[in-house]
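Inside the fold
Okay, here's what each chain looks like letter by letter:
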Protein chains: 2
Amino acid sequence: MATDHLEQKAFWIFLFWSLCFSLTSAFLAPTFPSSAYRPQRRLADSVQNTGLYRTEFYTQILDHFDFNPQSYRTFQQRYLINDTYWGGASNKAPIFVYTGNEGDIEWFTQNTGFMFETAPHFKALLVFIEHRFYGNSTPFEGDREVLFGNSSNVGYLSSTQALADYATLIIDLKKNLSATDSPVIVFGGSYGGMLAAWFRMKYPHIALGALASSAPILQFEDLVSPYSFNDIVTQDFRSESENCYKVIKGSWEEIQEAGQKPGGLEMLGKSFRICKNLSSSDALTGWLRGAWIFTAMTDYPTPSNFISPLPAYPVKKMCEAIDNAGSGKDTFAKLYAAANIFYNYSGTVTCFDLEDNSDPHGLAGWQWQACTEMIMPQGASGEDGIFPVNEWNYEDRVAYCSATYGVEPRPHWITTEFGGPGIERVLKRSGGNIIFFNGLRDPWSGGGVLKSISRSLVAIVAKQGAHHVDLRLSDKEDPQWLKDVRKQEVDIISSWISQYYQDLAL
Amino acid sequence: MATDHLEQKAFWIFLFWSLCFSLTSAFLAPTFPSSAYRPQRRLADSVQNTGLYRTEFYTQILDHFDFNPQSYRTFQQRYLINDTYWGGASNKAPIFVYTGNEGDIEWFTQNTGFMFETAPHFKALLVFIEHRFYGNSTPFEGDREVLFGNSSNVGYLSSTQALADYATLIIDLKKNLSATDSPVIVFGGSYGGMLAAWFRMKYPHIALGALASSAPILQFEDLVSPYSFNDIVTQDFRSESENCYKVIKGSWEEIQEAGQKPGGLEMLGKSFRICKNLSSSDALTGWLRGAWIFTAMTDYPTPSNFISPLPAYPVKKMCEAIDNAGSGKDTFAKLYAAANIFYNYSGTVTCFDLEDNSDPHGLAGWQWQACTEMIMPQGASGEDGIFPVNEWNYEDRVAYCSATYGVEPRPHWITTEFGGPGIERVLKRSGGNIIFFNGLRDPWSGGGVLKSISRSLVAIVAKQGAHHVDLRLSDKEDPQWLKDVRKQEVDIISSWISQYYQDLAL
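These numbers come from a predicted model, not from an experiment. (Residues numbered from 1 in each chain as written. Chains lettered and ligands numbered in written order. Predicted model: local features only at pLDDT ≥ 70, side-chain atom pairs only at ≥ 80, totals over all residues. Heavy atoms only, no water.)

This next bit is on the sheet that holds strand β5 (residues 184-189) of chain A. All names here are of chain A. Overall, mixed pairing links the eight strands, which are arranged β1-β2-β4-β3-β5-β6-β7-β8 in an open sheet. In this open sheet, the two edge strands, each paired with only one partner strand, are β1 (54-61) and β8 (457-462). If you compare each strand with its neighbour and ignore which way they point, the axes differ by 20° on average. Bridge count for β5 against strand β6 (residues 209-213) is five bridges, and the pairing is parallel. Bridge pairing in β6 places Gly188 opposite Ala212. (Pairing = 2+ DSSP bridges. Helix = DSSP H or I, 4+ residues; strand = E, 2+ residues; numbered from the N terminus. Axes fitted to C-alpha atoms, helices over the stretch in contact; angles between N-to-C directions.)

Now for the side chain of B:Asn433. All names here are of chain B. Residue placement: Asn433 occurs in the loop between α18 (423-430) and β9 (434-439). Taking the relative accessible area as the measure of exposure, Asn433 reaches 3% and is therefore buried. Engagement of the side chain of Asn433 in a polar contact is seen with the backbone oxygen of Leu208, the distance being 2.9 Å. When neighbours within four sequence positions are excluded, Asn433 is seen to be in contact with Arg200, Leu208, Gly209, Ala210, Ser456, Leu457 and Trp496. (Buried < 20%, exposed > 50% of the residue type's maximum accessible area, 1.4 Å probe, protein only. Polar contact = N/O pair within 3.5 Å; in protein donor to acceptor, adjacent residues only side chain to side chain. Contact = heavy atoms within 4.5 Å.)

Turning our attention to the domain arrangement of chain A. All names here are of chain A. For chain A, the assigned domains are domain 1 (1-30 + 227-374 + 376-409) and domain 2 (45-214 + 472-505). Relative placement of domain 1 and domain 2: their C-alpha centres are 31 Å apart. The interface of domain 1 with domain 2 comprises 25 residues on the first partner and 26 residues on the second. Taking both partners together, domain 1 and domain 2 bury about 2100 Å²; carbon and sulfur atoms supply 60% of that area. Linking domain 1 with domain 2 are zero salt bridges, by the criterion used here. There are nine residue pairs in polar contact (both at pLDDT 80 or more) connecting domain 1 and domain 2. Across the side of domain 1 that touches domain 2, the residue classes break down as 15 nonpolar, eight polar and two charged. (Domains from an automatic or database assignment. Buried area = accessible area lost by both parts, 1.4 Å probe. Salt bridge = Lys/Arg side-chain N within 4 Å of Asp/Glu carboxyl O. Nonpolar A, V, L, I, M, F, W, Y, C, P; charged D, E, K, R; others polar.)

The subject of this paragraph is the interface of chain B and chain A. Between chain B and chain A, the residue contacts involve 53 residues of the former and 53 residues of the latter. Here chain B meets chain A over a buried area of about 4400 Å², counting both sides, of which 53% is carbon and sulfur. The largest contributions to the chain B side of the interface with chain A come from B:Phe67, B:Arg410 and B:Arg429, which together make up 19% of the buried area. The interface formed by chain B and chain A holds two salt bridges in total. For the salt bridge of B:Arg429 with A:Asp503, the shortest nitrogen-to-oxygen distance reads 2.8 Å. There are 29 residue pairs in polar contact (both at pLDDT 80 or more) connecting chain B and chain A. Elements with a contribution of two residues or more to the side of chain B that touches chain A: α6 (151-154), α7 (159-176), α8 (191-202), α15 (365-372), α17 (413-418), α18 and α19 (480-505) of chain B. Here the side of chain B that touches chain A is composed, by residue class, of 22 nonpolar, 19 polar and twelve charged.

With that settled, the discussion passes to the nonpolar core. Core analysis: the biggest nonpolar cluster contains 229 residues, and A:Trp198, A:Phe237, A:Trp292, B:Trp198, B:Phe237 and B:Trp292 have the highest contact counts within it. The residues touching B:Trp292, leaving out its near neighbours within four places in the chain, are B:Val233, B:Phe237, B:Ile248, B:Trp252, B:Met318, B:Leu335, B:Ala338, B:Ala339 and B:Phe387. (Core = buried A, V, L, I, M, F, W, Y, C linked by side-chain atoms within 4.5 Å.)

What follows is about helix α11 (residues 264-271) of chain A. Residue and element names in this part refer to chain A. When α11 is considered as a whole, its buried residues turn out to be Gly264, Leu268 and Gly269. Relative to the axis of α11, the buried residues are bounded by an arc of 140° and lie together on one face. Away from the buried face of α11 by more than 90 degrees, exposed residues Glu266 and Lys270 are located. Tucked into the core, α11 has its buried residues touching α10 (242-260), α12 (282-297) and α14 (331-343). Following α11 by one or two positions, Arg273 has its phi on the positive side, about 50°. (Arc of directions from axis to C-beta.)

Turning our attention to the pairing of β9(B). Residues and elements named next belong to chain B. In terms of residue burial, β9 counts as a mostly covered element, since six of its six residues are buried. The two faces of β9 match: Ile434, Phe436 and Asn438 on one face and Ile435, Phe437 and Gly439 on the other face are all buried. Inspection of the sheet shows strand β6 (residues 209-213) paired to β9 by four bridges, in the parallel sense. The partner of Leu211 across the bridge, within β9, is Ile435. Here β9 runs beside strand β10 (residues 457-462); their pairing, made up of six bridges, is parallel. Opposite Asn438, over in β10, you have Val461 as the bridge partner.

Residue and element names in this part refer to chain B. Of note, Trp496 is situated in helix α19. By relative accessible area, which is 3% here, Trp496 ends up buried. For Trp496 and Ile95, which are 401 residues apart along the polypeptide, the C-alpha to C-alpha distance reads 13 Å. Among all residues touching Trp496, those that are not within four sequence positions of it are Ile185, Leu208, Gly209, Ala210, Asn433, Ile434, Ile435 and Ser456.

Another aspect to go through is the pairing of β6(A). Residue and element names in this part refer to chain A. Counting buried positions along β6 gives five out of five residues, so the element sits mostly inside the fold. On β6, burial covers both faces: Gly209, Leu211 and Ser213 on one face and Ala210 and Ala212 on the other are all buried. Tracing the backbone out of β5, into helix α8 (residues 191-202) and back to the parallel element β6 gives a crossover that is right-handed. (Right-handed = clockwise from strand over helix to strand, strands pointing away.)

For these two chains of identical sequence, chain B goes onto chain A by a turn of 180° and a shift of 0.0 Å along the axis, with RMSD 0.0 Å. With respect to symmetry, the two chain copies, as superposed, fit the operation of a two-fold axis. An overlap of 100% is found between the interface residues of chain B and their copies at the interface of chain A, pointing to a shared contact surface. (Least-squares fit on C-alpha atoms with pLDDT ≥ 70 in both.)

Before going further, it helps to examine the sheet that holds strand β3 (residues 95-99) of chain B. All names here are of chain B. Read across the sheet, eight strands follow the order β1-β2-β4-β3-β5-β6-β9-β10 without closing on themselves; strand pairing throughout is mixed. A strand with exactly one partner marks an edge of an open sheet, and here the two such strands are β1 (54-61) and β10. The average undirected angle you get between the axes of adjacent strands in this sheet is 20°. Running at roughly 150° to strand β5 (residues 184-189), α8 makes contact with β3, β5, β6 and β9 of the sheet.

The final tally for this structure, using the stated rule, is 51 aromatic pairs over all chains. With centroids separated by 6.1 Å and ring planes inclined at 75°, the aromatic side chains of A:Phe237 and A:Trp292 adopt a geometry described as edge-to-face. Of this pair, A:Phe237 sits in helix α9 (residues 228-240) while A:Trp292 sits in helix α12, and the two are 55 residues apart along the sequence. On the accessibility criterion, A:Trp292 (1% relative accessible area) is buried. Seen from their ring centres, B:Tyr98 and B:Phe108 are 6.3 Å apart, and the 20° between their planes marks the pair as stacked. Note that B:Tyr98 is positioned in strand β3 and B:Phe108 in helix α3 (residues 105-110), a separation of ten residues in sequence. Each member of the pair, B:Tyr98 as well as B:Phe108, carries the same accessibility label: buried. The ring of B:Tyr72 has A:Arg410 sitting right over it, with the charged end atom 4.2 Å from the ring centre. (Phe/Tyr/Trp six-rings, centres within 6.5 Å; stacked < 30°, edge-to-face > 60°. Lys NZ or Arg CZ within 6 Å of the ring centre and 35° of its normal.)

Attention now moves to the confidence of the model for chain A. Close reading of the predicted structure is inappropriate where its pLDDT is low. Residue and element names in this part refer to chain A. For chain A, the average pLDDT comes to 89, and 90% of its residues sit at 70 or higher. Taken together, the stretch residues 1-26 has pLDDT below 50 and engages in 73 contacts with residues farther than four places along the chain or on a different chain. Two numbers describe this predicted complex: its pTM, 0.93, and its ipTM, 0.92. (pLDDT = per-residue confidence, 0-100.)

Structural data, given as structure tokens:
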């Protein structure tokens, strides 16, 4: 086991990566909130040492939609709350709710500085609700095997149950605070952003509006190209340097060939400082793929610390590492230099343990969700792609899920429940008050809503933006476009709340 | 057992009534579609002998929201279809879907003439979907005891599962017909109307609009007065005749007193032609109460045959029977004359069997729904009420449901899932394309949406209307206001569809 904290971090990332990608890249969770770097310290300062939040638990029902005996079982759902800035129930001051994603809610809270920074302006109460089956909100006791190894238990992990959890918890909280007239705005990034958008669509009587950041709600069935994710990664690297792109693109075959030679795996292990012997080159290619993809997702304009520390514009830095390695260096040395930026920017890691399977942020449930309802087709396309061609194959997913969980995916369920085809036309006549933010350097943006639908259904598209960069804590080095995005979001949310107060006074 | 068909009918009505009201009047299902009298013959004529519909079955999933092994169980869901008038997929001709209520779908289909009559105008395909656990759409085999006696089975009977059934079935049907661009309008009366409204709210990507007729979606928690239902019954009778109202109002004590005297029950049984000995006066008062309430609900302007045949304006006829009985007749003779209009208008019934428990329309599941999510507070109010004072008592419901099914109600679930408080304000900013029809003589209208919310969220209120009278087959004797209501509905639905085609062409 690694002994260094930074090593640990790098390892669980890899573990998560290898878990998700062991079969196909489509397993990648669209999570990964942006980091407010050193968030605990910075955010704690910003709330004047009153503490970032206090932890509460709500007795939640296991199954909202059925009435069999098992459905009445309850569990403790964690939520975090900060009332430092709240204007109070008597002033009908707003409540900002983060609709938790597929992991520990503390992690997301500490990485959503935007809510803390805008709370004083809005005099908002802040609430961060943990998603069922993640973090400390698990309905069944036991370790990961107990939780996810028994489909009779984990069968209650679903997006619709999670949304109903948020509905019941918010209503109860408002009642307890005598704040039934306080407007609620929901926030979320990635899967949390999907949940925020869906929550506004399904529970408009509870949420006045939603900021859905980098929410790929169209990454289902054939609504968008299955290649969009990998095509955007390709474009991210290629836009920095044609040579960089070519080195990575050409590396897959080179690694495979090297791995098949006598002593090749040992050589690869040494080249990339892998702690333990490689049993095949696949683990190494998965590890590298993770570096390129996660860096593309978090290609932020300022230094960040989302998974492990990264410099500003990390894709550019990776390509500089590749381009500047000089002609004397071989491909592996170039790749290592670039990957090292993602996995070891601090420079303290001595070797990488690809077999570590710790899960400190409690993300394991996503694999189950990717086997049931979150069927988000992804593949790597033809000649120009930075990754080897890899066609989306639904049957592979079915076989994997059957073997792993004994469960069958329901590939049409998400679009049945939440829509998708013609979403602009539908929402135009039946929706309102949603901001869809997307940064076009984010590989997930291909599945996002990129065009405004109406005056209150606004798509904000940032050409230079990455994965829910808008939700990150601001930085004095932020570029003007990012400041503008956040200001636009604040203005839109303000207009919703103003209109709400007007409607209430009628 | 009764030998006469009309007797049978009267008996199951009573059974249903007594089942529902055995504990409290709040158990009354808001069902009861209006009758298109002699519907089979009339409607069959209207579709030029091609048959009213053909019967199909869809393999439906038991639990849409969970992924445990039990959730994957399937059952055959019945739906009825008529394509006589359909303009076809290539013309994107509309699909009209009836969202089935708590009973046999054939019964509702035969009583929703409005859809058949408007289909030629719209070139619409007609589809009537049966609600799970009713009629021939029961997920578990066995008799009523097996179906409703085991909460592990009947636990899957819920409104949200039913709505998801409709969603999956409609999507699959459209796909099979290559009609994905055909707009869908949902229709429903009473509980079916609630489902139609909720379906448009929750699944706007599937239904372009909804005609929700006599849908008491606000009859939950404290959104409306719990007395509204009984107050409207009071008003219906009192508006016809003060004497009639007083006779009924005064009768409850008289019956109770009579029942307590030696030979009293026998006398009561004879007075009302009850077949078997009465064991208490309660059964008799329940039977009478049923006559007054159901007649108030179906106080239609033309003769009807909803449960048993009724004349036009039956409340008026009942009051005439009471008022014209003459001073020589005692109260019981007057009541009998009036009740006879509801239970025996054909005059062929020789005696009434209050112990018959047949359920020909498969309505038994409502009692379960009234014990889980359909907690619709009702009581009878003070001095002026036509019924004895009876305060709504939630604890009574809890005790009853616990004893009967071992199940606990979730009284806040419906408003959590579908909203309620400030519904106008909410829908104004997030909804569209719903017609809420209510007739103010309908006791259920107290729980309806009675004010228009926006240009496309229209409340149509007919002062002289009864329970979803608009959905009935037209009659040459229909009053002008009823013709106007139906024309307005057709015009509004036309405008939705026109706008849809315009949106689609953009």
